[in-house]
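Chain residues, written in single-letter form:
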Amino acid sequence: MFARMHTLETTPEQHDQGLEIVREQLLPWLRDSTGFRGLIRLSHPGRGKTIVITLWADEEALRASDEAGKRLSELTAATVGVSKRELEEFEVTLFDVGG
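Participant: Would you mind going over a nonpolar patch on the surface with me for this structure?
Facilitator: A cluster of nonpolar residues, Met-1, Ile-40, Leu-42, Phe-95 and Val-97, forms a patch on the protein surface that exposes about 450 Å² of accessible area. In this structure Ile-40 comes out as partly exposed when scored by relative accessible area, which is 34%.

Participant: I would appreciate a short explanation of the nonpolar core in the present structure.
Facilitator: Burial of nonpolar side chains together is a common tendency in soluble globular proteins. Among the nonpolar cores identified, the biggest contains nine residues, and these are Phe-2, Val-22, Leu-26, Leu-27, Leu-30, Phe-36, Trp-56, Ala-61 and Leu-62. At the level of elements, helix 1 (12-31) and helix 2 (59-64) are the ones that each hand at least two residues to this core. With four residues, the single largest contributor to this core is helix 1. Ignoring sequence-local partners within four residues, the contact set of Phe-2 consists of Thr-54, Leu-55, Trp-56, Asp-58, Glu-59, Leu-62, Phe-90, Glu-91 and Val-92. The next biggest cluster of nonpolar side chains, apart from the first, holds five residues, and it includes Met-5, Ile-51, Ile-53 and Leu-55.

Participant: Can you help me understand the pattern of salt bridges in this one?
Facilitator: Side chains that differ in sign of charge can pair as their charged atoms come close. Enumeration over the complete set of coordinates arrives at four salt bridges. The salt bridge partner of Arg-63 is Glu-89, with a shortest N-O separation of 2.5 Å. In this pair, Arg-63 sits in helix 2 while Glu-89 sits in strand 4 (residues 83-91), placing the two residues 26 residues apart along the sequence. Of the residues examined, Arg-63 reaches a relative accessible area of 41% and is grouped as partly exposed.

Participant: Just checking my understanding: could you explain the environment of Ile-40 for this structure?
Facilitator: Mapped onto the elements, Ile-40 comes out in strand 2 (residues 36-44). Residues Ile-40 and Leu-19, 21 residues apart in the sequence, show an inter-C-alpha distance of 11 Å. In contact with Ile-40, not counting residues within four places along its chain, are Ile-51, Val-52, Ile-53 and Leu-55.

Participant: Mind showing me how you'd approach the environment of Leu-55 here?
Facilitator: When you line up the elements, Leu-55 lands in strand 3 (residues 49-56). The buried category is assigned to Leu-55, whose relative accessible area is 6%. Between the C-alpha atom of Leu-55 and that of Trp-29, which follows or precedes it by 26 residues, the distance is 14 Å. If sequence neighbours within four positions are ignored, Leu-55 has contacts with Met-1, Phe-2, Ala-3, Gly-35, Phe-36, Arg-37, Gly-38, Ile-40, Val-92 and Phe-95.

Participant: Just to check I follow, could you spell out a negative patch on the surface for this structure?
Facilitator: Negative charge collects at one region of the surface, where Glu-13, Asp-16, Glu-20 and Glu-24 lie side by side. The residue Glu-20 is located in helix 1 in this model. Take Glu-20: its relative accessible area is 46%, and that puts it in the partly exposed class.

Thresholds, definitions, all that
- Residues numbered from 1 in each chain as written.
- Predicted model: local features only at pLDDT ≥ 70, side-chain atom pairs only at ≥ 80, totals over all residues.
- Heavy atoms only, no water.
- Patch = residues over 30% accessible without salt bridge, like charges linked within 9 Å, V, L, I, M, F, W, Y side chains within 5 Å.
- Areas by Shrake-Rupley, 256 points an atom, 1.4 Å probe, with all protein chains shown as cover.
- Salt bridge = Lys/Arg side-chain N within 4 Å of Asp/Glu carboxyl O.
- Buried < 20%, exposed > 50% of the residue type's maximum accessible area, 1.4 Å probe, protein only.
- Core = buried A, V, L, I, M, F, W, Y, C linked by side-chain atoms within 4.5 Å.
- Helix = DSSP H or I, 4+ residues; strand = E, 2+ residues; numbered from the N terminus.
- Contact = heavy atoms within 4.5 Å.
- Lys, Arg positive; Asp, Glu negative; His and termini not counted.
- Charge placed at Lys NZ, Arg CZ, Asp CG, Glu CD.

Printed below as a string of structure tokens:
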């Protein structure tokens, strides 16, 4: 499994708007993407930081989503006004959500 991590700088208002965009626009698109395995959104509104992690079945699926993911990230940043800090990719070496 592979992951793409977006690190954003946000205000409390941008945090709420961003969450709405993720739920209403990003997730439906992701769910239709080949190899998509999940999304995790972490936020610390008091520190003005949000992290969005998308999970992909394999490196091929990660690469296939690359260009569209970047464009969607840029559109979200422009619409909400957040500042993109980092965009990184990782191989997931352990994933356990318990049961």
